[in-house]
Amino acid sequence: MIATPDRTPLPREFFDRPVLDVAPDLLGRILVRSTPDGPIALRLTEVEAYDGADDPGSHAFRGRTARNGVMFGPPGHVYVYFTYGMWFCMNLVCGPEGRASAVLLRAGEIVEGAELARTRRLSARNDKELAKGPARLATALNVDRSLDGTDACAAEDTPLRLLTGTPVAADQVLNGPRTGVGGDGAVHPWRFWVANDPTVSPYRAHVPRRRRS
């Protein structure tokens, strides 16, 4: 018998921990996106940890900027960035306020509101692909920079909220290199995912982009 996911909101204390504790513990949690057309709920199946000043792969490695300011806290807020001139990606801020760290949400299973997600992800061949990858996840949930700084722990009227869900057993959590991260940041095995879950995105190593002449 499959247990019913717990709909209790995650407290801020959940996020006020080291990023490498929070990241694997997010697997199996439920992210709810409230929209005027109804809610979309997603069970997290793949994430990546980024550890600020101690992590060359992090947006905050070189300090605070206008772009990454949300990463410095408070914990439990949403950090959204724009990449490759066309896609948004969504992170959850964690750790003590003032020390930048965040978890990139890489993939998940749409468990409610799939019909709404499909209208955003017309190229998906099936529902397993609706949020299979960080840009696809943000697109399916209609997340963009307007949601940067959203408090995912707010009691009411928040467009994004994290629920307890059904945490994944430790023996079902795998980890390995982060996708597309190059340089010194490539050595960290800080991508975490649910074993054998069909919504997890494929691993891709970093490919340096050629500089145009």
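Refer to the structure printed above.
Basis of the calculations
Residues numbered from 1 in each chain as written. Predicted model: local features only at pLDDT ≥ 70, side-chain atom pairs only at ≥ 80, totals over all residues. Heavy atoms only, no water. Helix = DSSP H or I, 4+ residues; strand = E, 2+ residues; numbered from the N terminus. Buried < 20%, exposed > 50% of the residue type's maximum accessible area, 1.4 Å probe, protein only. Polar contact = N/O pair within 3.5 Å; in protein donor to acceptor, adjacent residues only side chain to side chain. Contact = heavy atoms within 4.5 Å. Phe/Tyr/Trp six-rings, centres within 6.5 Å; stacked < 30°, edge-to-face > 60°. Lys NZ or Arg CZ within 6 Å of the ring centre and 35° of its normal. Core = buried A, V, L, I, M, F, W, Y, C linked by side-chain atoms within 4.5 Å.

A.B. asks: Could you give an account of the side chain of Glu48, with specific residues and numbers?
C.D. replies: Take Glu48: it is sitting in strand 3 (residues 38-50). The class of Glu48 is buried, set by a relative accessible area of 0%. Within polar-contact distance, the side chain of Glu48 engages the side chain of Tyr50 at 2.7 Å. Once residues lying within four places of it in the same chain are set aside, the contact partners of Glu48 are Ala102, Val103, Leu104, Arg106, Arg178, Thr179, Trp190 and Arg191.

A.B. asks: A description of the side chain of Arg106 should follow, citing residues and the corresponding values.
C.D. replies: As for its placement among the helices and strands, Arg106 is situated in strand 6 (residues 102-112). Apart from residues no more than four positions distant in its own chain, Arg106 is found in contact with Glu46, Val47, Glu48, Ala131, Lys132, Gly133, Pro134, Leu137, Thr179, Arg191 and Ser201.

A.B. asks: Describe the packing of aromatic side chains, listing the residues and the values that go with them.
C.D. replies: Per the stated rule, a full pass over the model turns up three aromatic pairs. Note on Phe14 and Phe15: the rings are 5.1 Å apart at their centroids and 75 degrees apart in plane angle, and the pair reads as edge-to-face. Here Phe15 falls in the buried class, since its relative accessible area comes to 0%. A cation over a ring is seen here: Arg17 above Phe14, with NZ or CZ 4.6 Å from the ring centre. In this structure, Arg191 packs its charged tip against the face of Trp193, placed 4.1 Å from the ring centre.

A.B. asks: Requested: an account of unusual backbone geometry, with residues and values cited.
C.D. replies: Between Gly73 and Pro74 the backbone carries a cis peptide bond, its omega angle lying at 5 degrees. As for its placement among the helices and strands, Pro74 is situated in the loop between strand 3 and strand 4 (78-83). Located in the positive-phi region is Asn142, a residue other than glycine, with phi close to 55 degrees. With respect to the secondary-structure elements, Asn142 resides in the loop between helix 4 (134-140) and strand 7 (160-165). For Asn196, which is not glycine, the phi torsion reads 60 degrees and is therefore positive. Within the element layout of this structure, Asn196 appears in the segment after strand 9 (191-194).

A.B. asks: Lay out the nonpolar core with the relevant residues and their values.
C.D. replies: Phe15, Leu26, Leu92, Leu105, Ile110 and Leu162 are the most contacted members of the largest nonpolar core, which totals 41 residues. If you tally residues by element for this core, the top one is strand 3, at five residues. Among the nonpolar cores identified, the runner-up in size contains 13 residues, and Val93, Ala102, Leu104 and Val181 belong to it.

A.B. asks: Run through the environment of Cys94, naming residues and quoting values.
C.D. replies: Examined against the element boundaries, Cys94 turns out to sit in the loop between strand 5 (87-93) and strand 6. Its relative accessible area of 1% is what places Cys94 among the buried residues. Note: C-alpha distance between Cys94 and Val78 (16 residues apart in sequence) is 9.6 Å. For Cys94, the contacting residues outside a window of four places in its chain are Phe15, Arg17, Val19, Val22, Pro75, Arg99, Ser101, Ala102 and Val103.

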